[in-house]
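Residues per chain, in single letters:
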Amino acid sequence: MKSNAEIPESRFLGGISTQSLRNLLPRSISNTQQKMNKSKFSKENTPPINPNVQIDNKNIPPDPKKLLIETKITSKDTDDITKSENQQDLPVVSSDPSVKVVVRIRPGNWRERGDRTVRKVSPNSLVVGDRSFTFDSVVDSSSTQEDVFQLVGVPLVKNSLAGYNTSILLCGQTGSGKTYTMWGPPSAMVEGHSPISNQGIVPRIFQMLFTEIQEQENSEDKHINYQCRCSFLEIYNEQIGDLLDPTQRNLQIRDDAKNGFYVENLTEEYVTCYDDVTQILIKV
Ligand SMILES: Nc1ncnc2c1ncn2[C@@H]1O[C@H](COP(=O)(O)OP(=O)(O)OP(=O)(O)O)[C@@H](O)[C@H]1O
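Residues numbered from 1 in each chain as written. Predicted model: local features only at pLDDT ≥ 70, side-chain atom pairs only at ≥ 80, totals over all residues.

Per an unreviewed UniProt entry, the recorded name for the protein is Kinesin-like protein kin-12f, and the organism is Thalictrum thalictroides. Among the UniProt annotations of the protein, the heading Sequence similarities (unreviewed entry) holds the following wording: "Belongs to the TRAFAC class myosin-kinesin ATPase superfamily. Kinesin family. KIN-12 subfamily." (UniProt positions renumbered as here; feature names shortened; annotations may be inferred.)

Undergrad: Can you walk me through the overall build of the protein in this structure?
TA: For the protein, the count of helices and strands is seven helices and twelve strands. For the protein, the proportion of its 284 residues judged to be buried stands at 19%. (Helix = DSSP H or I, 4+ residues; strand = E, 2+ residues; numbered from the N terminus. Buried ≥ 20, exposed ≤ 12 C-beta atoms within 10 Å, placed from the backbone.)

Undergrad: For this particular structure, what's the right way to read the confidence of the model for the protein?
TA: In low-pLDDT segments, the atomic positions of the prediction should not be examined closely. Per-residue pLDDT for the protein has a mean of 73; in total, 64% of the residues score no lower than 70. Considering each helix and strand of the protein separately, the mean pLDDT is smallest for helix H2 (residues 64-74), with a value of 35, and largest for strand S6 (residues 137-139), with 97. Taken as a whole, residues 1-42 scores under 50 in pLDDT and shows 92 contacts with residues more than four places along the chain or in a different chain. Taken together, the stretch residues 47-94 has pLDDT below 50 and engages in 32 contacts with residues farther than four places along the chain or on a different chain. (pLDDT = per-residue confidence, 0-100. Contact = placed C-beta atoms within 7 Å.)

Undergrad: Before we go on, may I ask you to explain the sheet that holds strand S5 (residues 131-134) in this structure?
TA: Pairing between the strands of a sheet is mediated by backbone hydrogen bonds and can be parallel or antiparallel. Judged by pairing direction, the sheet is antiparallel, and its three strands sit side by side in the order S3-S4-S5 without closing on themselves. This sheet does not close on itself; its edge strands, each paired only once, are strand S3 (118-122) and S5. When strand polarity is set aside, the average angle formed by the axes of neighbouring strands in this sheet is 30°. The pairing of S3 with strand S4 (residues 125-128) spans four bridges and is classified as antiparallel. Along S4, the bridge assignment pairs Lys120 with Leu126. (Pairing = 2+ DSSP bridges. Axes fitted to C-alpha atoms, helices over the stretch in contact; angles between N-to-C directions.)

Undergrad: Would you explain the UniProt feature "binding site: ATP" (unreviewed entry) in the protein in this entry?
TA: Cross-referencing UniProt, the feature "binding site: ATP" (unreviewed entry) maps to Gly172, Gln173, Thr174, Gly175, Ser176, Gly177, Lys178 and Thr179 in the present numbering. As for its position among the elements, Gln173 is in the loop between helix H4 (145-161) and helix H5 (178-182). Residue classification places Thr174 among the exposed positions, given that 6 C-beta atoms sit within 10 Å.

Undergrad: I tried to follow the pairing of S5 on my own but got confused; where do I start?
TA: Consecutive residues of a regular strand have side chains that alternate between opposite faces of the sheet. Bridging between S4 and S5 involves four bridges; their strand directions are antiparallel. The partner of Val127 across the bridge, within S5, is Ser132. With antiparallel pairing between neighbouring strands as the criterion, S4 and S5 make up a hairpin whose turn holds two residues, including Gly129 at a positive phi of roughly 65°.

Undergrad: Even after reading the chapter, I still don't get helix H6 (residues 201-218), so can you show me in this structure?
TA: Two residues of an α-helix separated by three or four positions point the same way, owing to the 3.6 residues in each turn. Relative to the 26 Å expected for 18 residues at 1.5 Å per residue, H6 spans 26 Å between its end C-alpha atoms, a close match to the ideal helical length. All of the buried residues along H6 are Ile201, Val202, Pro203, Arg204, Ile205, Phe206, Leu209, Phe210 and Ile213. Those residues of H6 that are buried are in contact with H4, H5 and helix H7 (274-283). (Expected span 1.5 Å × (residues − 1).)

Undergrad: Quick question: what am I supposed to make of the pairing of strand S10 (residues 253-256) here?
TA: Taken together, the four bridges between S10 and strand S11 (residues 260-263) define a ladder with antiparallel strand orientation. Directly across from Asp255, in S11, lies its bridge partner Phe261. Where S10 folds back on S11, the antiparallel hairpin that results is connected by three residues.

Undergrad: Honestly, unusual backbone geometry in this entry has me stumped. Any pointers?
TA: Working note: non-glycine residues mostly have negative phi, and peptide bonds are mostly trans. For Asn237, which is not a glycine, the phi torsion comes out positive at approximately 55°. Assignment of secondary structure puts Asn237 in the loop between strand S8 (233-236) and strand S9 (239-242). Taking the C-beta count within 10 Å as the criterion, Asn237 has 7 such neighbours and is therefore assigned exposed.

Undergrad: Please explain the packing of H4 against H6 as it appears in this structure.
TA: Each pair of packed helices can be described by the angle between their axes along with the distance between the axes. One can describe the packing of H4 onto H6 by two numbers: an axis separation of 10 Å at closest approach and a directional angle of 40°. Judged by the angle between their axes, H4 and H6 are oblique. For the crossing formed where H4 meets H6, the hand is right-handed. Together, Val148, Phe149, Val152, Gly153, Val154, Leu156, Val157 and Leu161 of H4 and Ile201, Arg204, Ile205, Met208, Leu209 and Glu212 of H6 make up the contact between the two elements. Residue classes in the contact of H4 with H6 are distributed as eleven nonpolar, one polar and two charged. (Parallel < 35°, antiparallel > 145°, perpendicular 65-115°, else oblique. Left-handed = near helix turned anticlockwise from the far one by under 90°. Nonpolar A, V, L, I, M, F, W, Y, C, P; charged D, E, K, R; others polar.)

Undergrad: Can you walk me through the nonpolar core in this structure?
TA: Note that soluble globular proteins tend to have their nonpolar side chains buried in a common cluster. In terms of nonpolar packing, the biggest core is built from 22 residues, with Val152, Ile201, Ile205, Phe206 and Leu209 touching the most fellow members. If you list the elements that add at least two residues to this core, you get strand S2 (102-105), S6, H4 and H6. (Core = buried A, V, L, I, M, F, W, Y, C linked by C-beta atoms within 7 Å.)

Undergrad: Would you mind showing me how to read the environment of Leu251 here?
TA: Position of Leu251 among the secondary structure elements: in the loop between S9 and S10. Here Leu251 falls in the partly exposed class, since 19 other C-beta atoms lie within 10 Å of it. Separated by 16 residues in the primary sequence, Leu251 and Ile235 place their C-alpha atoms 9.8 Å from one another. Ignoring any residue separated from it by four or fewer positions in sequence, one finds Leu251 in contact with Ile240, Asp242, Val263, Glu264, Asn265 and Leu266.

This is the structure:
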C-alpha cells in the first residue's frame, strides 16, 4: 500500500480541530455546574447513559443529542413509537453525534490539476481511487469558507453557548489546507465581515460568538453576563508554549477538582468583542 506522501491526491483535510472554549463559557452556567457537580471532572459533555432516560434536573443544559432523539419521537406517529419501543436492542443513531468528522477536499494546485482521484460521491462519502470512505460530512473543492462555517462553526458556537465545551481539531498533511480552513489568508482577521470573504472558521466563530453574547446581554428578559478570556498556546516538540508570552516555553498540564484539566500559568486575556481578539492576534 502506498504511503500518504506517495498519493498525490491526498490533499484532503480531515477536519475538526480542538480548541477548548471553556473560558468562553457563560459564567453563570459554569458556576451552576460546578455547584451541582462536586466530582473531579465536569460531566457537562458526558452523553446520557441511556438516551431514553429522562434526567430530572432542569438545571443541566440540554444534551443536543438527547434533544434530537426526543424531537424525533414526538414527531413520529403512534405506530412508529410502538415500533421503536419494540426495537429496544437496536442502536440509537443520532444525526448529531458528539464528535463529528468532516473532510474538506481542497482545490487542486497546478501540479494536481485534472487529478480526480479523490472525489466526493455523496454528502458524507468520498472515493480515493477505487476505495470509498464515509464520514459525517464531506465538502468538496467548490465549498466556500462560509459553507464550512455553517457546517462546523455554527453548531459549535450554539453548543458552547448552551454550556458545552467545544473543540475543533484539524489534521492533514502539509499543504492540505488546515491554516486556510481555520484562519483564511493572512488578511482574514481584518477583512470586512461578509459571507463571501475568505475568512476562515476561527474569525467567523468569534464574530458569531460576540454577536450572540451581545444579543443575550441586551435582552431584557435574560439577565446574563458573559466573561470571556482568551489564550493561545502551541504544542511544539512536546512542549507547551504560551503564544501570548513567548518567555513561557514549557508550561505544564495540571488537573484539579476546581478547573479540571488546564495549562498552568497560561496567559488569559479578557476580551469583550471581536476587535479585542484581533488585537491579541496581531501581537502573536
Ligand atoms: N479550500 C481552499 N481554497 C483555496 N485555496 C486553498 C484551500 N485550501 C488550501 N488552499 C491553499 O493551499 C495552500 C496550502 O494551504 P495551507 O497553508 O492552509 O495548508 P496547511 O495544511 O496549513 O499546511 P501546513 O501544515 O504546511 O501548515 C495555501 O496556499 C492555501 O491558500
